[in-house]
Amino acid sequence: MSKPPEDFMELSCEVVQHVGGLPLTLEVLGSFLCDKSEEEWEDILRGLKDILDNKVSGMSIRSYNDKVFARLIISYNKLSDQAKIIFLDIACYFIGWKVEEAILIWEACELYPRLSIKELTQMHLLKIDVYGYLRMHDELRFVGRRIVLKDSNGDPTKRTRLWSADEISKVLEKGKGTQMVEGILIPFEVHNDDLSFDDFAKMPNLRFLKVSRDEDGLVGFVLLW
């Protein structure tokens, strides 16, 4: 269908107006709203109007990035719980991975990734290229990582996913591993001499750990809990 039904024409024009001309947001919200009821359209429109009026709960909208985040998180909030987990994992770790390799990891963690991946691709929050690699728009990656940062109130020890070398070093050096941490992507800037199994023993819910190749040739590896 090249245009919305006549009954939804006015609503669609309002959605386009409140999206602010952002193509990615139009693509993501448009895919979600396809085949949805008039009530669901109005619910999305109310959320977009709240962004314009700076009435989004839990955040102050001061910049372009804030507006992008607030508009795209509307679609994230409509995801199933498992799709939210998969979305955040991809944004933090798995962009550029072969989809089948990532699926094996999620299945080992007792998740159901195939349904979640279908949900994410249908909502245009994720793409799989012709070679079978996971791809995500930079702004969606930004949204996913910001959700993780926002949920921890700026405290790395309360973060579910860690990927910053500085923050990982601080958590490990201070022995502050907590039950909140579910995944860590350790870049080459963190040397293997700084790693201790005792540190990870303090993270009972850790389900994913990847150590990347460093400048000295340390071979990257992935551990599953």
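Higher on the page you've got the structure.
Residues numbered from 1 in each chain as written. Predicted model: local features only at pLDDT ≥ 70, side-chain atom pairs only at ≥ 80, totals over all residues. Heavy atoms only, no water.

1. Focus: the nonpolar core
Phase 1 of the analysis: Ranked by internal contacts, the top residues of the largest apolar core, which has 39 residues, are I90, F94, W106 and L134.
Phase 2 of the analysis: Mapped by element, the contributors of at least two residues to this core are helix 2 (23-33), helix 4 (64-77), helix 5 (81-94), helix 6 (99-108), helix 7 (113-122) and helix 8 (138-151).
Phase 3 of the analysis: If one sorts the elements of this core by residue count, helix 5 sits on top with nine residues.
Phase 4 of the analysis: The next biggest cluster of nonpolar side chains, apart from the first, holds twelve residues, and it includes L172, F200, L206 and V211. (Core = buried A, V, L, I, M, F, W, Y, C linked by side-chain atoms within 4.5 Å. Buried < 20%, exposed > 50% of the residue type's maximum accessible area, 1.4 Å probe, protein only. Helix = DSSP H or I, 4+ residues; strand = E, 2+ residues; numbered from the N terminus.)

2. Brief notes about unusual backbone geometry
Phase 1 of the analysis: Despite not being glycine, E110 has its phi angle at roughly 65 degrees, a positive value.
Phase 2 of the analysis: With respect to the element layout, E110 can be found in the loop between helix 6 and helix 7.
Phase 3 of the analysis: Positive phi outside glycine occurs at H124, with the angle close to 60 degrees.
Phase 4 of the analysis: According to the relative accessible area criterion, H124 is partly exposed, its value standing at 29%.

3. Topic: the side chain of D89
Phase 1 of the analysis: Inspection of the secondary structure assignment puts D89 in helix 5.
Phase 2 of the analysis: At a separation of 2.9 Å, a polar atom in the side chain of D89 contacts the side chain of W106.
Phase 3 of the analysis: Residues within four places of D89 in sequence aside, it is in contact with F94, W106, R161 and R207. (Polar contact = N/O pair within 3.5 Å; in protein donor to acceptor, adjacent residues only side chain to side chain. Contact = heavy atoms within 4.5 Å.)

4. A closer look at the environment of S164
Phase 1 of the analysis: As for its position among the elements, S164 is in the loop between strand 3 (161-162) and helix 9 (165-173).
Phase 2 of the analysis: Look at S164 and you get partly exposed, because its relative accessible area is 24%.
Phase 3 of the analysis: When the C-alpha atoms of S164 and I186 are compared, they prove to be 7.7 Å apart, with 22 residues separating the residues in sequence.

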